[in-house]
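So you can see what is in the structure, the chains are spelled out below.
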Amino acid sequence: MTTDQALFALAERVGGKLRRAGRRFATAESCTGGWVAKACTDVAGSSHWFECGFVTYSNVAKVRDIGVSEVTLANHGAVSEATVREMAAGALRVSGADIAVAISGIAGPDGGTPAKPVGTVWFGLALRRGADVLVSSEMQFFGGDRELVRRRSVERALQMVLAIDW
């Protein structure tokens, strides 16, 4: 299991990379409930590289706060590639940050379906490159209880930021 200390060390590495690059980071979180933002702001000096975090747990918040389309939510659901792509792009647009990560998943113990079982988590990443905004996404499946699904989701989101090649 990824420990709190391991998440802190990972967030420190993210912060170092962002600070050296002169970039600012935002999050749009659903199933992790702000945990990525918490991990980042646990790091002293994070105000130099962390812009803000949106906890958009409900669909209403996703639409209201970061501009996810109601049509996207109706057609694909909250836990979908289309939704996390819009969440990441929306967080980037609203915050003015350079990089945004979005997370939406089914942490359990209930809420899963055969098509989207508990442990299904979608990630979106939006990145400014000059005048362009690049958006990517991926799906992961994490076994375990609610705590472990959420913890591994935080870890993966931070790893995605570390993997960015400017």
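Refer to the structure presented above.
A. Just the overall build of the protein chain, in detail. For the protein chain, the helix and strand inventory stands at six helices and five strands. Listed N to C, the secondary structure of the protein chain is α-β-α-β-α-α-α-β-β-β-α in terms of helices and strands. A globule of 166 residues ought to have a C-alpha radius of gyration of about 15 Å, and the protein chain, at 15 Å, matches this closely. Summarising the internal contacts of the protein chain: among those between residues at least 6 apart in sequence, 63% fall at separations of at least 24. Across the protein chain, the mean location of the 19 positive side-chain charges is 3 Å away from that of the 17 negative side-chain charges.

B. Broad picture of the packing of aromatic side chains. Taken as a whole, this structure holds three aromatic pairs when the rule is applied. Their ring planes at 85° and their centres at 6.4 Å tell us that Trp49 and Phe50 sit as a pair that is edge-to-face. Since its relative accessible area comes to 2%, Trp49 is described here as buried. Ring centres 6.4 Å apart and planes at 80° place the aromatic pair Phe123 and Phe142 in the edge-to-face group. Within this pair, whereas Phe123 is found in strand E4 (residues 120-129), its partner Phe142 is found in the loop between strand E5 (132-141) and helix H6 (146-162), the two being separated by 19 residues in sequence. Grouping aromatic residues by their ring pairs yields a cluster made of Phe25, Trp49 and Phe50.

C. Quick look at the packing of helix H1 (residues 4-21) against H6. Following both chains from N to C, one finds H1 and H6 inclined at 20°, their axes separated by 9 Å at the closest point. Relative to H6, H1 is oriented roughly parallel. Note on packing geometry: the crossing formed by H1 with H6 is left-handed. Facing Asp4, Leu7, Leu10, Ala11, Arg13, Val14, Lys17 and Leu18 of H1, the residues of H6 in contact are Arg151, Val154, Glu155, Leu158, Gln159, Val161 and Leu162.

D. Spotlight on helix H3 (residues 59-66). Along H3, the residues that are buried comprise Ala61, Lys62 and Ile66. Take H3 and look down its axis: the buried residues cluster within an arc of 105°, on one side only. In H3, the exposed positions that point more than 90 degrees away from the buried face belong to Val60 and Arg64. Among the structural elements, strand E1 (25-29), strand E2 (50-55), helix H4 (70-76), helix H5 (81-95) and strand E3 (99-105) are those in contact with the buried residues of H3. The positive-phi residue at the C-terminal boundary of H3 is Gly67, with phi of around 75°.

E. Region of the structure containing the packing of H3 against H5. Relative orientation of the contacting elements H3 and H5 amounts to 35°, with a least axis distance of 9 Å. Of the two elements, H3 crosses H5, and the hand of that crossing is left-handed. In contact with Lys62, Asp65 and Ile66 of H3, H5 contributes Thr83, Glu86, Met87, Gly90, Ala91, Arg93 and Val94. Residues that form the contact of H3 with H5 fall into these classes: four nonpolar, two polar and four charged.

Criteria and cut-off values
- Residues numbered from 1 in each chain as written.
- Predicted model: local features only at pLDDT ≥ 70, side-chain atom pairs only at ≥ 80, totals over all residues.
- Heavy atoms only, no water.
- Helix = DSSP H or I, 4+ residues; strand = E, 2+ residues; numbered from the N terminus.
- Rg over C-alpha atoms; globule rule 2.2 N^0.38 Å.
- Contact = heavy atoms within 4.5 Å.
- Lys, Arg positive; Asp, Glu negative; His and termini not counted.
- Charge placed at Lys NZ, Arg CZ, Asp CG, Glu CD.
- Phe/Tyr/Trp six-rings, centres within 6.5 Å; stacked < 30°, edge-to-face > 60°.
- Buried < 20%, exposed > 50% of the residue type's maximum accessible area, 1.4 Å probe, protein only.
- Axes fitted to C-alpha atoms, helices over the stretch in contact; angles between N-to-C directions.
- Parallel < 35°, antiparallel > 145°, perpendicular 65-115°, else oblique.
- Left-handed = near helix turned anticlockwise from the far one by under 90°.
- Arc of directions from axis to C-beta.
- Nonpolar A, V, L, I, M, F, W, Y, C, P; charged D, E, K, R; others polar.

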